[in-house]
Amino acid sequence: MSLIKIAVDADNMLGRQFTELERQNLGFAVMQACNATAYEIRQTWAATAPRVFDRPTAMTLRAAQYKKATRQKLYAEVFLRDEAYKGNPPARYLLSEVEGGERRKKGFEVLLQQKGAMPPGWFAVAGKGAPLDRHGNVRASAVSKILSQMGARQDKYQNQTEASIKRRGKRTRGGDYFTLQQKRGRLLPGIYERISFGFGSAVRSIFIFTRKANYKARYNIFGLAQRAWDKLMPFHFNRELQKALDSSKYRGKR
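Below or above, wherever it landed, is the structure these notes cover. The shown structure was predicted, so the numbers you read here are calculated from the model rather than taken from an experiment. (Residues numbered from 1 in each chain as written. Predicted model: local features only at pLDDT ≥ 70, side-chain atom pairs only at ≥ 80, totals over all residues. Heavy atoms only, no water.)

**Looking at the overall build of the protein**
Within the protein, the secondary structure is distributed over 8 helices and 9 strands. Per-residue burial for the protein yields a buried fraction of 41% across its 254 residues. Taking the intrachain contacts of the protein between residues at least 6 apart in sequence as the baseline, contacts between residues at least 24 apart amount to 61%. Total accessible area on the protein stands at roughly 15600 Å², and carbon and sulfur atoms take up 49% of it. (Helix = DSSP H or I, 4+ residues; strand = E, 2+ residues; numbered from the N terminus. Buried < 20%, exposed > 50% of the residue type's maximum accessible area, 1.4 Å probe, protein only. Contact = heavy atoms within 4.5 Å. Areas by Shrake-Rupley, 256 points an atom, 1.4 Å probe, with all protein chains shown as cover.)

**Thoughts on helix α8 (residues 221-247)**
Over its 27 residues, α8 runs 36 Å from end to end, which matches the ideal 39 Å to within 8%, given 1.5 Å per residue. The largest bend along α8 reaches roughly 40° and is located at Leu-232, with the proline Pro-234 sitting one to four residues downstream. (Expected span 1.5 Å × (residues − 1). Bend = angle between axes of the 7 residues up to and from the residue.)

**Quick notes on helix α5 (residues 107-115)**
An α-helical turn contains 3.6 residues, so any two residues separated by three or four positions project in the same direction. Considered for burial, the residues of α5 that qualify are Phe-108, Glu-109, Leu-111, Leu-112 and Gln-113. Structurally, α5 contributes buried residues whose contacts are with β5 (123-126), α6 (140-149), β7 (190-197) and β8 (200-210). One or two steps after α5, the chain reaches Gly-116, where phi turns positive at roughly 85°.

**Describing the side chain of Ser-205**
By secondary structure assignment, the location of Ser-205 is in strand β8. A polar atom in the side chain of Ser-205 sits 3.1 Å from the backbone nitrogen of Lys-128. Not counting the four nearest positions on each side in its chain, Ser-205 is found in contact with Gly-127, Lys-128, Gly-129, Ala-130, Ile-191 and Tyr-192. (Polar contact = N/O pair within 3.5 Å; in protein donor to acceptor, adjacent residues only side chain to side chain.)

**A short note on the pairing of β8**
Bridge analysis of β5 against β8 gives 4 bridges, and the strand direction is antiparallel. Looking at the pairing, Ala-126 lines up with Phe-207 of β8. In this structure, β7 lies alongside β8, joined through 8 bridges in antiparallel fashion. The residue bridging Glu-193 from the neighbouring strand is Arg-204, located in β8. (Pairing = 2+ DSSP bridges.)

**Notes on the nonpolar core**
In terms of nonpolar packing, the biggest core is built from 33 residues, with Cys-34, Ile-41, Trp-45, Leu-80, Leu-94, Phe-237 and Leu-241 touching the most fellow members. When contributions to this core are tallied by element, the ones reaching two or more residues are α1 (20-52), β2 (64-67), β3 (75-80) and α8. Looking at which element gives the most residues to this core, the answer is α1, with 11 residues. If near-sequence neighbours (up to four positions away) are discounted, Leu-94 is found in contact with Trp-45, Phe-53, Thr-60, Ala-63 and Leu-80. Among the nonpolar cores identified, the runner-up in size contains 20 residues, and Leu-112, Ala-124, Ile-146 and Phe-209 belong to it. (Core = buried A, V, L, I, M, F, W, Y, C linked by side-chain atoms within 4.5 Å.)

**Topic: the pairing of β2**
Going residue by residue along β2, you find Ala-64 and Tyr-66 tucked away on one face and Gln-65 and Lys-67 left uncovered on the opposite face. Bridging between β2 and β3 involves 4 bridges; their strand directions are antiparallel. Looking across to β3, one finds that Gln-65 is bridged to Phe-79.

**Considerations on the environment of Ala-29**
Mapped onto the secondary structure, Ala-29 falls in helix α1. Measuring from C-alpha to C-alpha, the distance between Ala-29 and Arg-71 comes to 9.6 Å, with 42 residues separating the pair along the chain. In contact with Ala-29, not counting residues within four places along its chain, are Glu-240 and Leu-241.

**As for the packing of aromatic side chains**
Throughout the structure, instances matching the rule amount to 2 aromatic pairs. With a centroid separation of 4.9 Å and 35° between ring planes, the pair formed by Phe-108 and Phe-207 is classed as tilted. One end of the pair, Phe-108, is in helix α5; the other, Phe-207, is in strand β8, and 99 residues separate them in sequence. With respect to class, Phe-108 is no different from Phe-207; both count as buried. Each ring, one from Phe-178 and one from Tyr-192, has its centre 5.8 Å from the other, and the planes form 20°; the classification is stacked. Pair noted here: Phe-178 is in strand β6 (residues 176-180) and Tyr-192 is in strand β7, with a separation of 14 residues, a long-range link. Here Lys-73 stacks its cationic end above the ring of Tyr-75, 4.8 Å away from the centre of that ring. (Phe/Tyr/Trp six-rings, centres within 6.5 Å; stacked < 30°, edge-to-face > 60°. Lys NZ or Arg CZ within 6 Å of the ring centre and 35° of its normal.)

Pasting the structure below:
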């Protein structure tokens, strides 16, 4: 079940008087009109998302999905995709963007808290030194390395061992991650990377821990769907009904 679902119901199209011929073609016309309207709502989402979100991922652009109407079910369902092969599905991570409020915990946050490497109930936001991908998120490779070094991966064989740390130390002199659960000097609670050079070392923040991570409602998909419905459904309904009448074997009958 999707977390966000919009039913495109055709009941309000049945308030006028129809001829017998129109009634014979009504179900098919309603079905086709619902599907055409739902399709355009999905396309509107894809076209609008880049203006709302900063560098949205392909998953976000394709987040809006719909189930077609049938002769037995004269409405289409528009919803946000609630499954993903990897990571969080759009219905989960976009819910706060649509409704506002506190965002959900991300998978790596849960793993770090289970390991005790992050204060329970807190959130992790990108630090100033975080390596970001083209969508503005901390790179998955960096998150994976952090989880491995913290021993927080679900697959224990993907976590670093003392032997692997020693081998890595022979190959490179940087890239060690550590966490602070309390403020230390100017360093806020978070995850930091210690980078060693031939002449010294430096520290950069990858994640900063915070008690709250709230989103403002930025994209009202409910309003978008309603506006699309009001604008497009009458047009598609009248067009599909006329097409059905033109192709009806009862054409010309009253």
